[in-house]
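Descriptive structure summary
Next come the chains, spelled out residue by residue.
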Amino acid sequence: MSDATPAPNDTPGYDDITRDIADVPAVEVITTVAVHLMSAAAVNLGLAEEGAEHKDLDEARKLINALAGLVTASATEISSFHAAPLRDGLKSLQLAFREASVVPDEPGQGPGEKYTGPIFGG
(Lines give C-alpha, C1' and ligand atoms only; values in the text may rest on other atoms or scores of the structure.)
Protein backbone atom coordinates (compact mmCIF):
# COMPACT_ATOMS: atom_id res chain seq x y z
CA MET A 1 0.00 0.00 0.00
CA SER A 2 1.46 3.37 -1.00
CA ASP A 3 1.29 6.55 0.98
CA ALA A 4 -0.63 9.19 -1.05
CA THR A 5 0.64 12.11 1.04
CA PRO A 6 3.28 14.04 -0.90
CA ALA A 7 6.65 14.54 0.67
CA PRO A 8 7.29 18.14 1.84
CA ASN A 9 9.84 18.62 -0.96
CA ASP A 10 7.21 17.72 -3.61
CA THR A 11 5.11 20.81 -2.82
CA PRO A 12 6.01 23.90 -4.85
CA GLY A 13 7.18 26.82 -2.75
CA TYR A 14 6.06 30.43 -2.96
CA ASP A 15 9.08 31.39 -5.07
CA ASP A 16 8.31 28.62 -7.59
CA ILE A 17 4.68 29.67 -7.91
CA THR A 18 5.55 33.35 -8.23
CA ARG A 19 8.11 32.62 -10.90
CA ASP A 20 5.58 30.53 -12.85
CA ILE A 21 2.97 33.30 -12.77
CA ALA A 22 5.54 35.85 -13.89
CA ASP A 23 6.23 33.74 -16.99
CA VAL A 24 2.60 33.78 -18.14
CA PRO A 25 1.86 36.54 -20.67
CA ALA A 26 -0.80 39.05 -19.60
CA VAL A 27 -2.98 38.23 -22.62
CA GLU A 28 -3.13 34.60 -21.48
CA VAL A 29 -4.10 35.56 -17.93
CA ILE A 30 -6.80 37.95 -19.18
CA THR A 31 -8.30 35.48 -21.65
CA THR A 32 -8.22 32.66 -19.10
CA VAL A 33 -10.06 34.76 -16.53
CA ALA A 34 -12.58 35.82 -19.20
CA VAL A 35 -13.25 32.20 -20.16
CA HIS A 36 -13.80 31.28 -16.50
CA LEU A 37 -16.26 34.18 -16.12
CA MET A 38 -18.05 33.12 -19.31
CA SER A 39 -18.33 29.52 -18.17
CA ALA A 40 -19.63 30.46 -14.75
CA ALA A 41 -22.16 32.89 -16.26
CA ALA A 42 -23.38 30.24 -18.71
CA VAL A 43 -23.93 27.77 -15.86
CA ASN A 44 -25.84 30.40 -13.88
CA LEU A 45 -27.96 31.18 -16.94
CA GLY A 46 -29.01 27.53 -16.98
CA LEU A 47 -27.13 26.78 -20.21
CA ALA A 48 -25.19 23.83 -18.81
CA GLU A 49 -26.32 20.22 -18.57
CA GLU A 50 -29.11 20.02 -15.98
CA GLY A 51 -29.30 23.80 -16.42
CA ALA A 52 -32.45 24.58 -14.46
CA GLU A 53 -30.85 23.09 -11.36
CA HIS A 54 -28.04 25.69 -11.45
CA LYS A 55 -29.94 28.70 -12.82
CA ASP A 56 -29.35 31.85 -10.78
CA LEU A 57 -29.85 35.07 -12.73
CA ASP A 58 -28.55 37.27 -9.90
CA GLU A 59 -25.23 35.43 -9.97
CA ALA A 60 -25.21 35.46 -13.79
CA ARG A 61 -25.72 39.25 -13.79
CA LYS A 62 -22.70 39.76 -11.52
CA LEU A 63 -20.50 37.52 -13.64
CA ILE A 64 -21.57 39.15 -16.91
CA ASN A 65 -20.92 42.61 -15.43
CA ALA A 66 -17.42 41.54 -14.39
CA LEU A 67 -16.79 39.98 -17.79
CA ALA A 68 -17.98 43.11 -19.62
CA GLY A 69 -15.70 45.30 -17.52
CA LEU A 70 -12.72 43.03 -18.13
CA VAL A 71 -13.31 42.69 -21.87
CA THR A 72 -13.94 46.41 -22.35
CA ALA A 73 -10.95 47.51 -20.29
CA SER A 74 -8.52 45.03 -21.81
CA ALA A 75 -9.65 45.06 -25.47
CA THR A 76 -6.97 47.50 -26.61
CA GLU A 77 -4.30 45.67 -24.63
CA ILE A 78 -4.93 42.15 -25.93
CA SER A 79 -5.51 42.91 -29.65
CA SER A 80 -8.63 42.33 -31.68
CA PHE A 81 -7.49 38.75 -32.38
CA HIS A 82 -8.14 37.91 -28.73
CA ALA A 83 -10.78 40.54 -27.94
CA ALA A 84 -13.22 39.75 -30.79
CA PRO A 85 -14.14 36.22 -29.62
CA LEU A 86 -14.45 37.48 -26.04
CA ARG A 87 -16.82 40.23 -27.21
CA ASP A 88 -18.85 37.67 -29.17
CA GLY A 89 -19.11 35.39 -26.14
CA LEU A 90 -20.07 38.32 -23.94
CA LYS A 91 -22.82 39.41 -26.35
CA SER A 92 -24.17 35.85 -26.49
CA LEU A 93 -24.35 35.74 -22.69
CA GLN A 94 -26.04 39.15 -22.56
CA LEU A 95 -28.65 37.99 -25.08
CA ALA A 96 -29.15 34.72 -23.20
CA PHE A 97 -29.66 36.69 -19.99
CA ARG A 98 -32.29 38.87 -21.66
CA GLU A 99 -34.03 35.75 -22.98
CA ALA A 100 -33.93 34.01 -19.59
CA SER A 101 -35.34 37.00 -17.71
CA VAL A 102 -39.04 36.95 -16.88
CA VAL A 103 -39.03 40.76 -17.00
CA PRO A 104 -36.22 41.80 -19.35
CA ASP A 105 -34.14 44.87 -18.53
CA GLU A 106 -34.63 48.00 -20.61
CA PRO A 107 -32.08 48.31 -23.45
CA GLY A 108 -28.86 49.60 -21.94
CA GLN A 109 -29.77 48.39 -18.45
CA GLY A 110 -28.90 44.70 -18.83
CA PRO A 111 -25.79 43.12 -17.33
CA GLY A 112 -22.62 44.64 -18.70
CA GLU A 113 -24.44 47.11 -20.92
CA LYS A 114 -23.03 50.08 -19.02
CA TYR A 115 -19.69 48.96 -20.52
CA THR A 116 -20.79 47.64 -23.92
CA GLY A 117 -23.81 49.79 -24.71
CA PRO A 118 -27.27 48.35 -25.41
CA ILE A 119 -27.39 44.81 -26.81
CA PHE A 120 -29.95 44.11 -29.53
CA GLY A 121 -30.73 41.16 -31.79
CA GLY A 122 -29.23 37.75 -32.02
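Throughout, a residue's number is its position along its own chain's written sequence, starting from 1. Thresholds applied to this predicted model are a pLDDT of at least 70 for local features of residues and 80 or more for the giving and counting of side-chain atom pairs; totals over whole chains, interfaces and linings are not thresholded and use all residues. Side-chain numbers come from the whole structure's heavy atoms, not from hydrogens or water.

Now for the overall build of the chain. Secondary structure summary: the chain contains 5 helices and 0 strands in total. Helix and strand assignments follow DSSP, with helices taken as H or I runs no shorter than four residues and strands as E runs no shorter than two, numbered in order from the N terminus. Sequence-ordered secondary structure for the chain, helices as α and strands as β, is α-α-α-α-α. Relative to its full complement of 122 residues, the chain shows a buried share of 30%. The contact criterion used is simple: two residues touch if any of their non-hydrogen atoms lie within 4.5 Å. In the chain, 56% of the contacts between residues at least 6 apart in sequence involve partners at least 24 apart. Values of accessible area rely on a 1.4 Å probe in the Shrake-Rupley scheme; residue burial ignores everything except the protein chains shown. Looking at the chain as shown, the accessible area adds up to about 8,100 Å², and 57% of this sits on carbon and sulfur atoms. A simple rule labels every residue: compare its accessible area, found with a 1.4 Å probe on the protein chains alone, to the largest value its type can have, and call it buried under 20%, exposed over 50%, or partly exposed in between.

Bringing the packing of helix H2 (residues 26-44) against helix H4 (residues 57-100) into the picture now. Axes, fitted as lines to C-alpha atoms, cover a helix only where it is in contact. Angles between the N-to-C directions of the axes lie from 0 to 180 degrees. Axis separation between H2 and H4 bottoms out at 8 Å; the angle between their running directions is 150°. As far as their axial angle goes, H4 and H2 are roughly antiparallel. Seen from above, H2 lies across H4 with left-handed handedness. Tallied by class, the residues present in the contact of H2 with H4 amount to 21 nonpolar, 5 polar and 1 charged. For classification purposes, angles smaller than 35 degrees are called roughly parallel, those larger than 145 roughly antiparallel, those between 65 and 115 roughly perpendicular, and all remaining angles oblique. Note: crossing handedness is left-handed where the near helix turns anticlockwise from the far helix by less than a right angle, and right-handed where it turns clockwise. Basically, the charged four are Asp, Glu, Lys and Arg, the nonpolar ten are Ala, Val, Leu, Ile, Met, Phe, Trp, Tyr, Cys and Pro, and anything else, Gly included, counts as polar.

This part is about the environment of Ile119. Within the secondary structure layout, Ile119 lies in the segment after helix H5 (113-116). The exposure class assigned to Ile119 is buried, which follows from its relative accessible area of 9%. The spatial distance from the C-alpha of Ile119 to the C-alpha of Pro107 is 6.8 Å, given a sequence separation of 12 residues. Apart from residues no more than four positions distant in its own chain, Ile119 is found in contact with Lys91, Gln94, Leu95, Arg98 and Glu113.

Turning our eyes to something else, we now look at the pattern of salt bridges. When a carboxyl oxygen of Asp or Glu lies within 4 Å of a side-chain nitrogen of Lys or Arg, that pair is called a salt bridge. Going through the model one piece at a time under the given rule, you end up with 4 salt bridges. Across the pair Asp105 and Arg61 runs a salt bridge whose closest N-O atoms are separated by 2.8 Å. Placement of Asp105 in the loop between H4 and H5 and of Arg61 in helix H4 is noted, with a sequence separation of 44 residues between them. Residue class for Arg61 comes out partly exposed when judged on its relative accessible area of 27%. Because the salt bridges share partners, they merge into one network encompassing Asp58, Glu59 and Lys62.

Bringing a nonpolar patch on the surface into the picture now. Only residues whose relative accessible area exceeds 30% and that form no salt bridge enter a patch; like-charged residues are grouped when within 9 Å of one another, and nonpolar side chains (Val, Leu, Ile, Met, Phe, Trp, Tyr) when within 5 Å. A surface patch of nonpolar side chains, amounting to about 190 Å² of accessible area, comprises Val24, Val29 and Val33. Structurally, Val33 is set in helix H2.

Let's shift gears to the nonpolar core. Residues belong to a common nonpolar core when they are buried Ala, Val, Leu, Ile, Met, Phe, Trp, Tyr or Cys residues joined through side-chain atoms within 4.5 Å. Leu45, Ile64, Leu67, Leu86, Leu90 and Leu93 are the most contacted members of the largest nonpolar core, which has 20 residues in total. Put simply, the parts of the chain that give this core at least two residues each are H2 and H4. The element that contributes the greatest number of residues to this core is H4, accounting for 14 residues. Residue contacts for Leu93: discarding those within four places in its chain leaves Met38, Ala41, Ala42, Leu45, Ile64 and Leu67.

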